[in-house]
Amino acid sequence: MTQQVPPVLPLAPVERIIRKAGADRVSEGAGIELAKVLEDYGLEVSREAITLAKHAGRTTVKEEDIRLAVARIKKV
């Protein structure tokens, strides 16, 4: 039996996102699954933004790095 690692994101805000999209009720499993998806996407964007910041000679990731990273990931 493998142990599942809980998502980093708190479930309450993730469940609010699902309700904001129009759901009347949200199961805990749905919140956990969306939190995992959001975390995975956030890590992908963050890694790309870090690469962009390093390419620019910076150690600080800026807002523009995040925006450009999202744009680059969407094109792939």
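An unreviewed UniProt entry annotates the chain as Putative archaeal histone A1-1 originating from Candidatus Methanoperedens nitratireducens. Quoted straight from UniProt, the Sequence similarities (unreviewed entry) entry for the chain says "Belongs to the archaeal histone HMF family."

J.: Where do I start with the overall build of the chain in this structure?
T.: For the chain, the helix and strand inventory stands at 3 helices and 0 strands. Taken over the C-alpha trace, the chain has a radius of gyration of 16 Å; the compact-globule value for 76 residues is 11 Å, which it surpasses by more than 25%. Every one of the 76 residues in the chain was classed for burial, and the buried ones make up 20%. Look at the contacts in the chain between residues 6 or more apart in sequence, and 38% of them connect residues 24 or more apart.

J.: Sorry, what's going on with the nonpolar core here?
T.: In summary, soluble globular proteins display a tendency toward joint burial of nonpolar side chains. Counting 5 residues, the largest nonpolar core is built from Val45, Ala49, Leu52, Ala69 and Ile73. Of all the secondary-structure elements, those providing two or more residues to this core are helix H2 (28–55) and helix H3 (63–75). For this core, the element with the highest residue contribution is H2, accounting for 3 residues. Leave out the neighbours within four places in its chain, and Leu52 touches Asp65, Leu68, Ala69 and Arg72.

J.: In this structure, what is going on with the pattern of salt bridges? I would like to understand it.
T.: Scanning the entire structure with this criterion turns up 4 salt bridges. Glu64 serves as the salt-bridge partner of Arg58, at 3.8 Å between the closest nitrogen and oxygen. A relative accessible area of 18% means that Arg58 is categorised as buried. Here Arg58 makes a salt bridge to Asp65, at a shortest N to O gap of 2.8 Å. Taking relative accessible area as the criterion, Asp65 reaches 4% and is therefore assigned buried. Each of Arg58, Glu64 and Asp65 takes part in a single network of salt bridges with overlapping partners.

What counts as what
- Residues numbered from 1 in each chain as written.
- Predicted model: local features only at pLDDT ≥ 70, side-chain atom pairs only at ≥ 80, totals over all residues.
- Heavy atoms only, no water.
- UniProt positions renumbered as here; feature names shortened; annotations may be inferred.
- Helix = DSSP H or I, 4+ residues; strand = E, 2+ residues; numbered from the N terminus.
- Rg over C-alpha atoms; globule rule 2.2 N^0.38 Å.
- Buried < 20%, exposed > 50% of the residue type's maximum accessible area, 1.4 Å probe, protein only.
- Contact = heavy atoms within 4.5 Å.
- Core = buried A, V, L, I, M, F, W, Y, C linked by side-chain atoms within 4.5 Å.
- Salt bridge = Lys/Arg side-chain N within 4 Å of Asp/Glu carboxyl O.

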